[in-house]
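Chains, contacts and geometry: an overview
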Amino acid sequence: MDERALAALLRRQAGVVSRRQVFALGAQPHDLRRWVRRRELAVILPGCLVDHTGVPTWLQRAWAAVLACEPAALGQESALAAATEKGRREGHPGPIQVVVESDRSLRGLPGVQITRRRDLSRRVLWQAAPPRLRPEDAALDLAATAADELAAVAALTGVCGDRLTTSARLKAALEARCQLRRGRWMRQVISDIESGTHSVLEHAYLSLVERPHGLPRGHRQLRAEGAGGTVIRDVGYPWPVVVELDGRAHHGSWEQREHDLDRDLELAGLGVLTVRLSYGQVLDRPCATAVQVAAVLAQRGWTGQPNRCSPNCAVGHP
């Protein structure tokens, strides 16, 4: 039995190992039974063991799911979580999502959701730890199966905002997929991401407020040097007005709020007006928000007029 190789394998796989791997290193069934009896290893899933008897971490559950279904890879939300240090540490709620080839027949496993896919080998990062779908394929799968379009946008913008992939790779992966649910709609979302929308709220401002009401097209993800270093401004207009989209996930902490106020004050000193919008203004009241943004832009020098997006649109009404 190569104990040094086993220790190295446990380190690489977050303390998880399969029976097949242990036997490949020269262990015998009675060795495995002894380790379990002494609580040096504990069963985490059928055919998989972990090197402690406490509650397994999310990453250990993910490793066990992949090894139990081998050859397999993490998919959808699990694949995206495993791609970041924070995700590997915190994971996500719900079962571990695993993808296998379409011709596989597997029994269900507790806490594991199994999906079958064709041409799996071309879409998997097999050398990753643990193996997982490429970020663009995982995001497309997640967007296609999302409960609503808001969640689908979150999947597509999030994977680019976290710099796990690019809009170009997303577009190429989508073109290689036939008959994907929401495929045509996702092409439009990816085009918006290319123009600079990096969050659900930024995309909603473009698709619900700016575009349908004929507001001028703003410049997105503007990099500028401020007193505190380089800052990224969500949407900039040349009159000059800056629109900041404050989603709770990115602007929720007290420290971030203070940083945002410092940026607003600095811009005011330069003659730039900052308008801050959140979910209520953008998602619940987009037409009324378009009226107000148009009024702000008009006061600063815009000579255009907003359009009504529907008969009941607030544009044109007192």
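Our subject is the structure that appears above.
Rules of the game
Residues numbered from 1 in each chain as written. Predicted model: local features only at pLDDT ≥ 70, side-chain atom pairs only at ≥ 80, totals over all residues. Heavy atoms only, no water. Buried < 20%, exposed > 50% of the residue type's maximum accessible area, 1.4 Å probe, protein only. Helix = DSSP H or I, 4+ residues; strand = E, 2+ residues; numbered from the N terminus. Pairing = 2+ DSSP bridges. Axes fitted to C-alpha atoms, helices over the stretch in contact; angles between N-to-C directions. Parallel < 35°, antiparallel > 145°, perpendicular 65-115°, else oblique. Left-handed = near helix turned anticlockwise from the far one by under 90°. Contact = heavy atoms within 4.5 Å. Polar contact = N/O pair within 3.5 Å; in protein donor to acceptor, adjacent residues only side chain to side chain. Core = buried A, V, L, I, M, F, W, Y, C linked by side-chain atoms within 4.5 Å. Salt bridge = Lys/Arg side-chain N within 4 Å of Asp/Glu carboxyl O.

What follows is about the pairing of strand β5 (residues 96-101). Extensive coverage of β5 is indicated by the burial of five of its six residues. Two strands pair when backbone bridges link them, and strand β4 (residues 73-74) and β5 are joined in this way by two bridges, in the antiparallel orientation. The partner of Ala73 across the bridge, within β5, is Val99. Two elements, β5 and strand β6 (residues 112-117), share six bridges in a ladder whose sense is parallel. Paired with Val98 across the strands is Ile114, a residue of β6.

With that out of the way, let us pick up the packing of helix α7 (residues 135-144) against helix α9 (residues 167-175). When two helices pack together, their arrangement is given by the angle between the helix axes and by the axis-to-axis distance. The interhelical angle for the contact between α7 and α9, taken along N-to-C directions, is 65°, at an axis separation of 9 Å. Considering their axes alone, α7 and α9 lie roughly perpendicular with respect to each other. Crossing handedness for the pair α7 and α9: right-handed. On α9, the residues that touch Glu136, Asp137, Ala139 and Leu140 of α7 are Arg169, Leu170, Ala173 and Leu174.

As for its placement among the helices and strands, Arg177 is situated in the loop between α9 and α10 (183-194). Here Asp137 takes part through its side chain, which lies 3.1 Å from a polar atom of the side chain of Arg177. Separated by 2.4 Å, the side chains of Arg177 and Asp141 make a polar contact. When neighbours within four sequence positions are excluded, Arg177 is seen to be in contact with Arg117, Arg123, Asp137, Leu140 and Asp141.

What follows concerns the nonpolar core. By size, the foremost hydrophobic cluster in this structure holds 53 residues, and its most contacted members are Leu74, Val98, Leu140, Leu156, Leu170 and Met186. Ranked by residues supplied to this core, first place goes to helix α4 (residues 58-68) with eight residues. Excluding residues within four positions of it along the chain, Met186 makes contact with Leu140, Ala143, Ala144, Leu156, Leu174, Leu180 and Arg181. In terms of nonpolar packing, the next biggest core, distinct from the first, is built from 19 residues, Val235, Tyr237, Leu245 and Val296 among them.

Ordered by their spatial adjacency, three strands build an open sheet running β1-β3-β2, and the pairing between neighbours is antiparallel. Strands with a single pairing partner mark the edges of an open sheet, and in this sheet they are β1 (16-18) and β2 (42-45). Strand after strand, the sheet turns through a mean of 40° between neighbouring axes, direction not considered. Pairing of β2 with strand β3 (residues 48-50), which is carried by three bridges, proceeds in the antiparallel orientation. Along β3, the bridge assignment pairs Val43 with Leu49.

In this section: α4. With nine of 11 residues buried, α4 is to be regarded as a mostly interior element. Within the sequence span of α4, burial applies to Trp58, Leu59, Gln60, Ala62, Trp63, Ala64, Ala65, Val66 and Leu67.

With that settled, the discussion passes to the side chain of Asp192. Position of Asp192 among the secondary structure elements: in helix α10. Accessibility expressed as a relative area gives 3% for Asp192, which makes it buried. In this structure the side chain of Asp192 is engaged in a polar contact, spanning 2.9 Å, whose partner is the side chain of His203. In this structure Asp192 touches Thr197, His203, Leu206 and Arg211, once residues within four positions along its chain are discounted.

Here the focus is the pattern of salt bridges. The full count for this structure, using the stated rule, is 13 salt bridges. Linking Arg34 and Asp31 is a salt bridge whose minimum nitrogen-to-oxygen distance equals 3.1 Å. Remark: Asp31 and Arg34 occur in helix α3 (residues 29-37); sequence separation between them is three residues, near one turn of the helix. The partner of Arg122 in a salt bridge is Asp119, with the nearest N and O atoms 3.2 Å apart. According to the relative accessible area criterion, Arg122 is exposed, its value standing at 58%. Here the salt bridges do not stand alone but share partners, grouping Arg117, Arg123, Asp137, Asp141 and Arg177 into one network.

Here we come to unusual backbone geometry. Residues Glu70 and Pro71 are joined by a peptide bond in cis, for which omega reads 0°. Tracing the backbone shows Pro71 in the loop between α4 and β4. The step from Ala129 to Pro130 runs through a cis peptide bond, and the omega angle for that step is -5°. Tracing the backbone shows Pro130 in the loop between β7 (124-125) and β8 (132-133). Of note in this structure, Gln179 is not a glycine but carries a positive phi near 55°. Its relative accessible area of 85% is what places Gln179 among the exposed residues.

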